[in-house]
Amino acid sequence: MSKAPDVKYFEPPSYISAADIKARILELAAKINDDYAGIDLTLICTLKGSIVFFTDLIRELRMPIHCEFIGTSSYGNHTESTGEIKVTLDLNEPLIGKHVLIVEDIVDTGLTLAYLIDYLKVRKPASLRTVSLLHKPETLKVKTLKMDYIGFQIPNKFVVGYGLDYAEKFRGLPYIGYLENEH
Ligand code: 5GP
């Protein structure tokens, strides 16, 4: 029996393919493996956008790891972030004396990551670095932002998929797509 097409299910055009993401994660992991060889590493996944990147990245790491999760939401609407961030879920474990890597999905203005760094730094980790799968240099406001590892620099497009959403949709796409109009 033929079914009517699901008009609610829309696949955005691909911007970065699943194969290219995988290849870049292998390169990032190789650098991280070198930099932290033999060191216990605490990785902090920023919910929810980083979940897919986080789970793929940790499977390529070759040091003892600890996984932590932090939830944030920004005040204001999506296009105009105020830079004031609300932590909606905090870590389970203290960070004092630990080597910590914050795992971000995307740095746009940089306000979220800058806030998180300040928020976590006071817990006195032995070191605190960041990795972001995506970075939009054109929209970066926090020019001093500490970005240690970057997957891809992208133009000012609204991207979805591979964990990133638009109104909670598209997180399950295996590639990174972009939206030209709202769907
Ligand atoms: P910020 O502007 O603080 O660097 O980024 C804040 C948050 O906005 C990111 O963590 C991400 O959740 C969201 N964001 C920024 N740009 C995009 C984008 O192109 N696509 C999606 N899905 N989220 C984005």
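Attention in this report is confined to the structure presented alongside it. In this convention, every chain numbers its residues from 1, walking through the sequence in written order. The predicted origin of the model limits local features to residues at a pLDDT of at least 70 and limits the giving and counting of side-chain atom pairs to 80 or more, whereas totals for whole chains, interfaces and linings rest on all residues. With hydrogens and water stripped out, all remaining heavy atoms of the structure feed into the side-chain values.

### Describing the site of the ligand
Here is step 1: A single heavy atom is enough: if one lies within 4 Å of a molecule or strand, its residue is considered near that molecule or strand. Among the 15 residues in the neighbourhood of the ligand, the closest are listed as Thr109, Gly110, Thr112, Val159 and Asp165.
Here is step 2: Between the ligand and the protein, one listed contact pairs an oxygen atom with a backbone N or O atom of Asp108 at 2.8 Å.
Here is step 3: Two N or O atoms count as a polar contact when they lie within 3.5 Å, although within protein this holds only if one can serve as hydrogen donor and the other as acceptor, and sequence-adjacent residues are included solely when both atoms are side-chain atoms. Residue Gly110 places a main-chain N or O atom 2.8 Å away from an oxygen atom belonging to the ligand.
Here is step 4: In isolation the ligand has 510 Å² of accessible area, and contact with the protein removes 87% of it.
Here is step 5: Strands here mean DSSP runs of E at least two residues long; helices mean DSSP runs of H or I at least four residues long; both are numbered from the N terminus. Of all elements in the fold, only β5 (99–107), α3 (111–121) and β8 (158–160) reach the threshold of two or more residues within the shell around the ligand.
Here is step 6: If one sorts the elements of the shell around the ligand by residue count, β5 sits on top with three residues.
Here is step 7: Across the shell around the ligand, the residue classes break down as six nonpolar, four polar and five charged. All accessible-area figures derive from a Shrake-Rupley calculation using a 1.4 Å probe, and residue coverage is judged against the displayed protein chains alone. Here the term charged refers only to Asp, Glu, Lys and Arg, the term nonpolar to Ala, Val, Leu, Ile, Met, Phe, Trp, Tyr, Cys and Pro, and the term polar to all other amino acids, Gly among them.

### Re helix α1 (residues 18–35)
Here is step 1: Expected span of a helix: the number of residues minus one, times 1.5 Å. Compared with the 26 Å implied by 1.5 Å per residue over 18 residues, the 26 Å span of α1 between its first and last C-alpha is a close match.
Here is step 2: Considered for burial, the residues of α1 that qualify are Ile21, Arg24, Ile25, Leu28, Ala29, Ile32 and Asn33. Only protein chains enter the area calculation, which uses a 1.4 Å probe; residues under 20% of their type maximum are buried, those over 50% are exposed, and those in between are partly exposed.

### Some thoughts on the pattern of salt bridges
Here is step 1: What makes a salt bridge here is a side-chain nitrogen of Lys or Arg within 4 Å of a carboxyl oxygen of Asp or Glu, nothing more. If you walk through the whole model with that rule in mind, you get ten salt bridges.
Here is step 2: As a salt-bridge pair, Asp118 and Lys121 come within 3.3 Å of each other at their nearest N and O atoms. In this pair, Asp118 and Lys121 both sit in helix α3, three residues apart, roughly one turn of the helix.

### Here's the deal with the pairing of strand β2 (residues 41–47)
Here is step 1: Here β2 lies mainly inside the structure; six of its seven residues are buried.
Here is step 2: Strands are labelled as partners when DSSP assigns at least two bridges between them. The pairing of β2 with β5 spans five bridges and is classified as parallel. Among the inter-strand pairings, Thr42 is bridged to a residue of β5, identified as Val100.

### Let's talk about the packing of aromatic side chains
Here is step 1: Geometry of aromatic contacts follows a simple scheme: Phe, Tyr and Trp rings, the Trp one being its six-membered ring, pair when their centres are within 6.5 Å, and the pair is stacked under 30 degrees between planes, edge-to-face over 60, tilted otherwise. Following the criterion strictly, the structure yields five aromatic pairs and no others.
Here is step 2: For the pair Tyr15 and Tyr178, a centre-to-centre distance of 6.2 Å together with 85° between the ring planes defines the contact as edge-to-face. On the criterion of sequence distance, the pair formed by Tyr15 in strand β1 (residues 14–16) and Tyr178 in strand β9 (residues 176–179) is long-range, its members being 163 residues apart.
Here is step 3: With relative accessibility at 31%, the residue Tyr15 sits in the partly exposed group.
Here is step 4: The exposure class assigned to Tyr178 is buried, which follows from its relative accessible area of 17%.
Here is step 5: When the centroid spacing of 6.1 Å and the interplanar angle of 20° are considered together, the rings of Tyr115 and Tyr119 count as stacked. Of this pair, Tyr115 and Tyr119 are both found in helix α3, four residues apart, which corresponds to roughly one turn of the helix.

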